[in-house]
Amino acid sequence: MQDYPTKITFDDMRETGATRIIVFCKDYRCSHNVTMDAARWPDEMRLSDIEPKFRCTVCGQRGSNIRSVDVPPRMGTG
Ligand SMILES: [Zn+2]
């Protein structure tokens, strides 16, 4: 699983072909996560800008870690 930097914008993310994000609870012991369609956020928004806006619905922790949902890499022998 590729580890994308979190300072990327939604535009950067869409450049990679990804259309969805996964929002992880900030508490690693909880590790609750949800995937969301990224279409609602504008291109210039950074993924890191919306991380503080989420609150975990399981443990109540405020804040989150957001990644883009990886698209399958285009690999092959041609
Ligand atoms: Zn949680």
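Our subject is the structure that appears above.
Only a predicted model underlies this, so the values are computations on that prediction, with no experimental measurement involved.

Chemist: Would you mind showing me how to read the coordination of the zinc ion here?
Modeler: Tetrahedral coordination by four donors puts the ideal angle at the metal at 109.5 degrees, and octahedral coordination by six puts it at 90 or 180 degrees. The coordination sphere of the zinc ion, as far as protein atoms go, consists of Cys25 (SG), Cys30 (SG), Cys56 (SG) and Cys59 (SG), spread over 2.2 to 2.4 Å. Considering all 4 donor atoms around the zinc ion, angles at the metal cover 99 to 115° and the coordination shape is tetrahedral. Between consecutive donor residues of the zinc ion, the sequence gaps follow C-x4-C-x25-C-x2-C. Placement of the pair is Cys25 in strand S1 (residues 20-25) and Cys56 in the loop between helix H2 (47-50) and strand S3 (64-68), with a sequence separation of 31 residues.

Chemist: Is there a simple way to think about the sheet that holds strand S2 (residues 33-37) in this case?
Modeler: The strands making up a sheet associate through hydrogen bonds between their backbones, and the pairing can be parallel or antiparallel. The strand order across the open sheet formed by 3 strands is S2-S1-S3, and the pairing between neighbours is antiparallel. Lying at the two open borders of the sheet, with one neighbouring strand each, are S2 and S3. Going across the sheet, the axis of each strand differs from the next one's by a mean of 25°, ignoring polarity. Looking at chain direction, S1 and S3 are connected through 5 bridges and run antiparallel.

Chemist: How should the packing of aromatic side chains be read in this particular structure?
Modeler: Taken as a whole and assessed by the stated rule, the structure comprises 2 aromatic pairs. Centroid distance Phe10 to Trp41: 5.4 Å. Interplanar angle 15°. Geometry classified as stacked. Of the two residues, Phe10 is situated in helix H1 (residues 10-15) and Trp41 in the loop between S2 and H2; the sequence distance between them amounts to 31 residues. Per residue, the accessibility class of Phe10 equals that of Trp41, and both read buried.

Rules of the game
- Residues numbered from 1 in each chain as written.
- Predicted model: local features only at pLDDT ≥ 70, side-chain atom pairs only at ≥ 80, totals over all residues.
- Heavy atoms only, no water.
- Donors = N, O, S within 2.8 Å, 3.2 Å for Na, K, Ca; no water.
- Tetrahedral: all angles 85-135°; square planar, octahedral: opposite > 155°, others 65-115°.
- Helix = DSSP H or I, 4+ residues; strand = E, 2+ residues; numbered from the N terminus.
- Pairing = 2+ DSSP bridges.
- Axes fitted to C-alpha atoms, helices over the stretch in contact; angles between N-to-C directions.
- Phe/Tyr/Trp six-rings, centres within 6.5 Å; stacked < 30°, edge-to-face > 60°.
- Buried < 20%, exposed > 50% of the residue type's maximum accessible area, 1.4 Å probe, protein only.

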